[in-house]
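# Residue-level structural notes
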Amino acid sequence: MSLTSHSAVVRRLIVSPGPAPQEQTPVVASATAVSAVLRAFGRSPEDLPARTVVLIGSSAVDPGLGAEHEGFTVRRAATAGLALRRAHHELHEGTADLVLVAGFGEPDAQTITVYAVKRAAEAVADGDAVLGVLDVTAPHSPQDAPPLRPARQHPRGTDPDRHRLILWSGRTADDEVRVRAELLPMLGGIHREAYPALPTAVPCGTPPGPIRGAAVAVSTLAARAVHQARAVDVSRSRPVVLLFPGQGSQHVGMAAGLYRREPVFTAAVDAALAHMGEEGSRVRADWLNPRSAAIGIDDVRRAQPLLFAIDYALGRMILSWGVRPTAFLGHSAGELVAATFAGVVSLRDAVAMVQARVREAVKIPAGGMLAVAASEERLRPYLTDGVGIAAVNANQQVMLAGSDQPLGEVADRLRADGLTVVTVPATSPFHSPAMAPASDAIEVDYRDIPLREPKLPLYSGYTGTLMSPEAARSPRFWADQITDTVHFRNALDELLAADDVLLIETGPRQTLTAFARRHRSVRLGAGAVCPLLPARPGTQEADRQSVLNTAARLWTEGHDLDPNAIARLWTWSDDDASTAAGSGMPPIPAKALVA
């Protein structure tokens with residue numbers, strides 16, 4: 001059973017729309033009752049997704065109830081069973097991101113049973129407690145509610161030769177020494193097969209103390225790694241900000257070591273790719289089987305959709321650990337990922353925006369991008385009508401973009417004058433005037449997408465500052481991103497001026513990490529930066545080891561982590577999906593998380 005083709009019930013609650021009347025007459029689907037449904041789970045309607053639909057399962061409906069209530073679509077079905085079946089259809093047709101199904105008169109005449117229903121893979125990626133998935137194919141009467149099937153648990157993949165994380169802490173320095181002294185004999189004498197089953201954090205069952213240590217190691221090196229680790233006082237933790245890279249950071253096999261080895265990452269990738277339809281299956285196949293890929297990774301048709309899915313999935317994985325970022329900053333296409341996490345746009349709509357960019361970009365004559373070790377002012381004399389400044393990333397790190405011929409001519413002039421020039425892996429001239437026709441075309445598509453102001457601080461590389469509500473809600477602002485210069489340096493300046501933060505680069509390579517390390521605040525130790533993935537393509541185990549190192553850094557920065565979520569990196573696997581994934585069929589993700 002693939003979660004990408006199912007809907008999941010994540011919450012179920014019995015509510016009463018108001019004081020019980022003297023007579024036990026059935027509750028009527030009225031405006032008051034629908035308001036109660038919208039607030040059933042303790043959330044303000046403003047916090048619900050823009051594409052939330054209320055589906056009423058009742059034969060008794062107030063004639064005054066319209067097709068919209070408090071800004072949300074209201075639909076009707078004769079029974080709760082029909083409403084649940086229609087919810088599944090709405091979710092997978094893309095007309096809703098959340099459906100609140102209200103079974104009026106259930107379980108008694110004066111109450112309403114409210115079901116919160118989401119796409120199953122998204123529910124797992126979002127960290128929802130999934131009650132079960134709706135089996136709409138089961139042989140039951142259409143009037144009946146479809147069975148709620150628990151997804152089967154998957155065997156644990158406890159490979160003793162995988163890297164794992166060991167965390168420990170103490171209330172004082174002496175207490176940390178004591179805890180470590182008790183941990184070392186355990187690691188030295190344990191059989192390697194039992195190594196993955198050791199607790200993630202010790203001591204167990206008590207809140208972590210402010211003196212902390214962490215080690216990432218395989219079983220044979222665990223005792224030595226713990227012995228050599230440095231204890232850190234984390235009395236004051238720095239807030240976390242996620243950085244999302246864009247095109248140019250992609251590489252063959254990026255983050256593939258996490259797929260089918262970390263359930264939230266797997267579910268989030270599948271959720272994003274599922275919104276791309278058949279193209280999503282082709283993107284996945286080319287990613288997991290690069291030797292037989294139909295389209296190269298640097299082609300915009302692969303780079304941008306896959307980068308979006310991976311950046312998004314990595315961010316979801318970090319949130320599943322219990323980390324709560326205080327702000328987001330994306331570079332170029334990464335700004336759409338950041339906007340998704342900040343609540344500006346839903347996952348489905350963000351994917352539609354990426355697809356619109358790709359669809360129009362391939363109509364533009366081929367071009368590319370150059371990274372030049374020089375200042376913006378130094379490069380201005382080299383610009384032509386067909387070549388513009390694509391990004392200002394650091395004081396001496398600027399990118400140029402344009403169509404192939406004029407960009408090649410500029411590159412020759414720069415090299416002849418002794419400047420260091422590196423070709424960025426890209427086949428389209430993003431952030432140059434050549435993209436203007438594509439920008440005008442995608443603005444038309446973006447007008448149909450619900451855009452909201454950010455719920456969390458979102459720094460924009462296009463304004464170089466916090467994104468305003470007006471910009472976030474503007475289709476023109478988002479359309480202009482493929483032509484306008486990315487002012488990453490300015491955005492980073494403002495972000496680091498606001499607070500001492502820990503920046504986590506949430507994507508492949510370490511391009512943004514390199515830019516941030518050059519920043520004065522980071523060089524002085526006021527802020528810090530940590531990459532999530534390796535700087536270069538490597539083994540799948542290197543992906544997992546790098547992620548674990550980041551988790552260790554978060555712990556020693558004072559952030560409390562969910563030990564069960566972290567442990568999935570070395571205790572969870574979905575190996576029996578490898579055949580399906582290799583053939584381009586959707587795998588079976590995240591079963592271990594489904595209750």
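See the structure shown above.
Here the structure is a predicted model, which means the values were calculated and not measured.

### Section: the packing of aromatic side chains
- In the structure shown here, the tally under the stated rule is nine aromatic pairs.
- Judged by centre distance (6.5 Å) and plane angle (85°), the ring pair of Tyr462 and Phe477 falls under edge-to-face. Highlighted residues: Tyr462 in the loop between strand 19 (458-460) and strand 20 (465-466) and Phe477 in helix 15 (residues 475-480), separated in sequence by 15 residues.
- On the accessibility criterion, Phe477 (12% relative accessible area) is buried.
- Through successive ring pairs, a cluster of aromatic residues spans Phe244, Phe308, Tyr312, Phe328 and Phe341.
- In this structure, Arg164 is placed above the aromatic ring of Tyr195, and the distance from its NZ or CZ to the ring centre is 5.4 Å.
- The ring of Trp555 has Arg212 lying over it, and the distance from NZ or CZ to the ring centre is 4.3 Å.

### Re the sheet that holds strand 15 (residues 367-372)
- Pairing is antiparallel across the open sheet formed by four strands, whose spatial order is 16-17-15-18. The two strands at the open ends of the sheet, each matched to only one other strand, are strand 16 (387-394) and strand 18 (421-424). Averaged over all neighbouring strand pairs, the angle between strand axes comes to 25°, with direction disregarded.
- The sheet contact formed by strand 15 and strand 18 spans four bridges and is antiparallel. Bridge assignment links Met369 to a residue of strand 18, and that residue is Val424.
- Against the sheet, helix 12 (residues 404-416) touches strand 15, strand 16, strand 17 (397-403) and strand 18, its axis set at about 140° to strand 17.

### A look at empty space enclosed by the protein
- All told, the structure shown has two cavities of 30 Å³ or more when counted by the stated rule.
- Of the volumes computed, that of the largest cavity is approximately 50 Å³.
- Taken together, Gln247, Gln304, His331, Ser332, Met369, Met399, Phe430 and His431 make up the lining of the largest cavity.
- Broken down by class, the residue content of the lining of the largest cavity amounts to three nonpolar, five polar and no charged.

### Topic: the packing of helix 6 (residues 263-274) against helix 7 (residues 278-288)
- Following both chains from N to C, one finds helix 6 and helix 7 inclined at 135°, their axes separated by 8 Å at the closest point. Comparing their axes, helix 7 and helix 6 come out oblique. Contacts from Phe265, Val269, Asp270 and Leu273 in helix 6 reach Gly280, Val283, Arg284 and Trp287 in helix 7.
- Partitioned by chemical class, the residues of the contact of helix 6 with helix 7 number five nonpolar, one polar and two charged.

### Side note on the environment of Ala426
- Its place among the elements puts Ala426 in the loop between strand 18 and helix 13 (436-446).
- Sequence separation of Ala426 and Gly558 is 132 residues, and the distance between their C-alpha atoms is 39 Å.
- Sequence-distant contacts of Ala426, that is, excluding residues within four places in its chain, are made with Gln247, Asp298, Gly367, Gly368 and Met369.

### A look at the layout of surface pockets
- Here the second largest pocket is characterised by a volume of approximately 470 Å³.
- Lining the second largest pocket we find 24 residues, and of these Gly248, Ala371, Val424, Thr511 and Phe515 sit closest to its centre.
- When contributions to the lining of the second largest pocket are tallied by element, the ones reaching two or more residues are strand 15, strand 17, strand 18 and helix 17 (511-517).
- For the lining of the second largest pocket, the element with the most residues is helix 17, which contributes four residues.
- For the lining of the second largest pocket, the per-class residue count stands at twelve nonpolar, eleven polar and one charged.

### Things to note about the packing of helix 10 (residues 347-361) against helix 13
- Put simply, helix 10 and helix 13 touch, their axes get as near as 9 Å, and they point 150° apart. As summarised for this structure, helix 10 and helix 13 are arranged roughly antiparallel, according to the angle between their axes. Between helix 10 and helix 13 lies a crossing whose hand is right-handed. Residues Met353, Ala356, Arg357, Arg359, Glu360 and Ala361 of helix 10 touch helix 13, and the partners they reach there are Ala438, Ala441, Ile442, Asp445 and Tyr446.
- Residue composition of the contact of helix 10 with helix 13, grouped by class: seven nonpolar, no polar and four charged.

### What to know about the pairing of strand 6 (residues 112-119)
- With eight of eight residues buried, strand 6 is to be regarded as a mostly interior element.
- With eight bridges connecting them, strand 1 (residues 7-15) and strand 6 associate as antiparallel partners. Opposite Arg12, over in strand 6, you have Tyr115 as the bridge partner.
- Bridge count between strand 5 (residues 98-104) and strand 6: six bridges; the pairing is antiparallel. From the neighbouring strand, Ala102 faces strand 6, where its bridge partner is Val114.

Rules used in this analysis
Residues numbered from 1 in each chain as written. Predicted model: local features only at pLDDT ≥ 70, side-chain atom pairs only at ≥ 80, totals over all residues. Heavy atoms only, no water. Phe/Tyr/Trp six-rings, centres within 6.5 Å; stacked < 30°, edge-to-face > 60°. Helix = DSSP H or I, 4+ residues; strand = E, 2+ residues; numbered from the N terminus. Buried < 20%, exposed > 50% of the residue type's maximum accessible area, 1.4 Å probe, protein only. Lys NZ or Arg CZ within 6 Å of the ring centre and 35° of its normal. Pairing = 2+ DSSP bridges. Axes fitted to C-alpha atoms, helices over the stretch in contact; angles between N-to-C directions. Contact = heavy atoms within 4.5 Å. 1 Å grid on protein atoms, 1.4 Å probe; cavity = no way out; pocket = protein on both sides within 12 Å on 5 of 7 lines; lining within 4 Å. Points joined across faces, edges and corners; volume = space filled by probe spheres on them. Nonpolar A, V, L, I, M, F, W, Y, C, P; charged D, E, K, R; others polar. Parallel < 35°, antiparallel > 145°, perpendicular 65-115°, else oblique. Left-handed = near helix turned anticlockwise from the far one by under 90°.

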